[in-house]
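Chain residues, written in single-letter form:
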Amino acid sequence: MAARIVNLLVGPESDGMRLDAFLATADGMPSRSACAKLVENGAVQINTCPATSKSEKVLLGDRVRAEVDEPDAAEAPGLLAPNPYIPLDIRFEDEHLLVISKRAGLVCHPSPGHIDDTLANALVAHCGYGHLGMLQGEERPGIVHRLDMDTSGLMVAAKDDETQKALQDLIRMRVLDRRYITLVQGYMARDEDTIVTGIARSTRDRLRMTVSDAPGAREAITTYRTLERFEAGRRDEGYSLIECHLYTGRTHQIRVHMRHVGHQLVGDQLYGRGDDRANLGLRRQFLHSWTIGFDHPATGERIERRDRLPEDLLAILEQIKERSMGRTEAGEQICPLLGCDD
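Only a predicted model underlies this, so the values are computations on that prediction, with no experimental measurement involved.

A.B. asks: Summarise the overall build of the protein chain; cite the residues concerned and give the values.
C.D. replies: Summing up its helical and strand segments, the protein chain has 7 helices and 15 strands in all. Along the longest, intermediate and shortest principal axes, the C-alpha atoms of the protein chain span 75 × 45 × 35 Å. Partitioning the contacts of the protein chain with sequence separation of at least 6, the portion at a separation of at least 24 is 67%. By element, 47% of the accessible surface of the protein chain is carried by carbon and sulfur atoms, the whole surface being about 16,900 Å². Here the protein chain contributes 43 positively and 53 negatively charged side chains, and the mean placements of these two sets differ by 5 Å.

Structure (C-alpha cells):
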C-alpha cells in the first residue's frame, strides 16, 4: 500500500475532542474506527510525539500528523463501495462490534436492484472495508444476521472475523436474545405460546418461505407473548399486539409462523391478503426488532439495548387505541417502553 501524510491543526471547535474523533472529522480521513487503528499502529503523532491512545484529548493549537495507508489501485475493484450518505443509528460501538437500529426500507447487503445503497455499504463507509468481519463473504462485510428490508430495529454487526464467528455461535446456541414487536390481524386467544415447525422455501413461489416437514426444512422456534388486544371493526377481525422471541433465525420466520397460526402481520405485502383497509394503510410489515441482548464475546460485558417503535408503527397503534380491550400483564410492562403511551 502507498501512504500519504496528513497534517492537521487543532482549532477552537475541536479543542478537547478525542483523538480518533478529531481525526475522523478531517477531510480525506477514513472512518473513526479506522482512525483508531492508525493510533494503535503508531501512525499518529501529536506535536512530534507518538500518540498513545485513541481516547487522548487534543488541545487548541496541537499539530497532529497522521500517516494514512492508501490501497493500491489494483486492489480497489471488487471491494464493496462505501456509502457515507446512509446514516447509521448506532446504539453501541467498540473496537469489536456495533449494535445498530436499522430503518425500514434499508436492505442489509447487496442484491439485485441494491448495489451500493445497503447497510453493508454504510458499514464500509463507517468502519473501513478492512475492519469488518468477512465470514459471510466479501459482499456482506460485518453482517452477522439480517433483518428483512421492511423490518426495522436492532441488529448487531461485527468488525472482525473472530467476533463475527462468536456472535454467530451465540445465535446457533440460542443465547443471543432477540425480541420483536408485531401487530397481527385477528384475536390472539392465548397470552403466550411457542410455535415449533420446519421452514423451507416454497415450491410454488420462490420469494416465499413456508411451513414444511420436507427433508430439507430447517427447525424454527418462535415464542410469543400477547401484549394488547383490539376489538374487531366493520372491515377487520380485530388486532393483537404481540412480542415474539426468536430462538432460531430462519428467513421470514415470524411472518411465516404468524401466517401459519392464522394471524398474518398487519401491512405484510408478501404473506398477507393485500387489503389496505385491514392493513390500516400500512404498506410494510408491522415488525420491529425492539430489544437485543448478549454477552460481549471479547469483554464478557452484558450488552442489552432497547429500541422504541418508529413513528409509522406508533401511528398505526394510535389509529386503533380506542378499540383496545386492555393490556395483558406483559403488555403493561412492555408497551410504555415502546413509546405507546407518549
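Alright, that's what it looks like, and here's the rest.
A.B. asks: Go over the nonpolar core with me, naming the residues and quoting the values.
C.D. replies: Within the largest apolar cluster, 30 residues are counted, with the highest numbers of intra-cluster contacts made by Leu 119, Leu 123, Tyr 224, Ile 242, Ile 254 and Met 258. No other element matches the 6 residues that helix 3 (residues 119–127) contributes to this core. Setting aside anything within four residues of it in sequence, one finds Tyr 224 in contact with Met 188, Arg 190, Asp 191, Glu 192, Asp 193, Ile 195, Ile 242, Glu 243, Cys 244 and Met 258. Ranked by size, the runner-up nonpolar core spans 21 residues in total, among them Leu 282, Ile 320, Ile 334 and Leu 338.

A.B. asks: Outline the pattern of salt bridges, supporting the account with residue identities and numerical values.
C.D. replies: All told, the structure shown has 27 salt bridges when counted by the stated rule. Linking Arg 91 and Asp 89 is a salt bridge whose minimum nitrogen-to-oxygen distance equals 2.9 Å.

A.B. asks: Tell me about unusual backbone geometry, residues and numbers included.
C.D. replies: Backbone geometry places Asn 47, a non-glycine residue, at a positive phi of 55 degrees. Residue position: Asn 47 is located in the loop between strand 2 (44–46) and strand 3 (49–50). A relative accessible area of 36% means that Asn 47 is categorised as partly exposed.

A.B. asks: An account of the environment of Ile 292 is requested, with residue identities and associated values reported.
C.D. replies: Tracing the backbone through its elements, the reader meets Ile 292 in strand 13 (residues 287–295). The exposure class assigned to Ile 292 is buried, which follows from its relative accessible area of 3%. Residues in contact with Ile 292, not counting those within four places in the same chain, are Val 99, His 145, Leu 154, Met 155, Val 156, Leu 176, Asp 177, Arg 178, Ile 303, Glu 304 and Arg 305.

The rules we used
Residues numbered from 1 in each chain as written. Predicted model: local features only at pLDDT ≥ 70, side-chain atom pairs only at ≥ 80, totals over all residues. Heavy atoms only, no water. Helix = DSSP H or I, 4+ residues; strand = E, 2+ residues; numbered from the N terminus. Contact = heavy atoms within 4.5 Å. Areas by Shrake-Rupley, 256 points an atom, 1.4 Å probe, with all protein chains shown as cover. Lys, Arg positive; Asp, Glu negative; His and termini not counted. Charge placed at Lys NZ, Arg CZ, Asp CG, Glu CD. Core = buried A, V, L, I, M, F, W, Y, C linked by side-chain atoms within 4.5 Å. Buried < 20%, exposed > 50% of the residue type's maximum accessible area, 1.4 Å probe, protein only. Salt bridge = Lys/Arg side-chain N within 4 Å of Asp/Glu carboxyl O.

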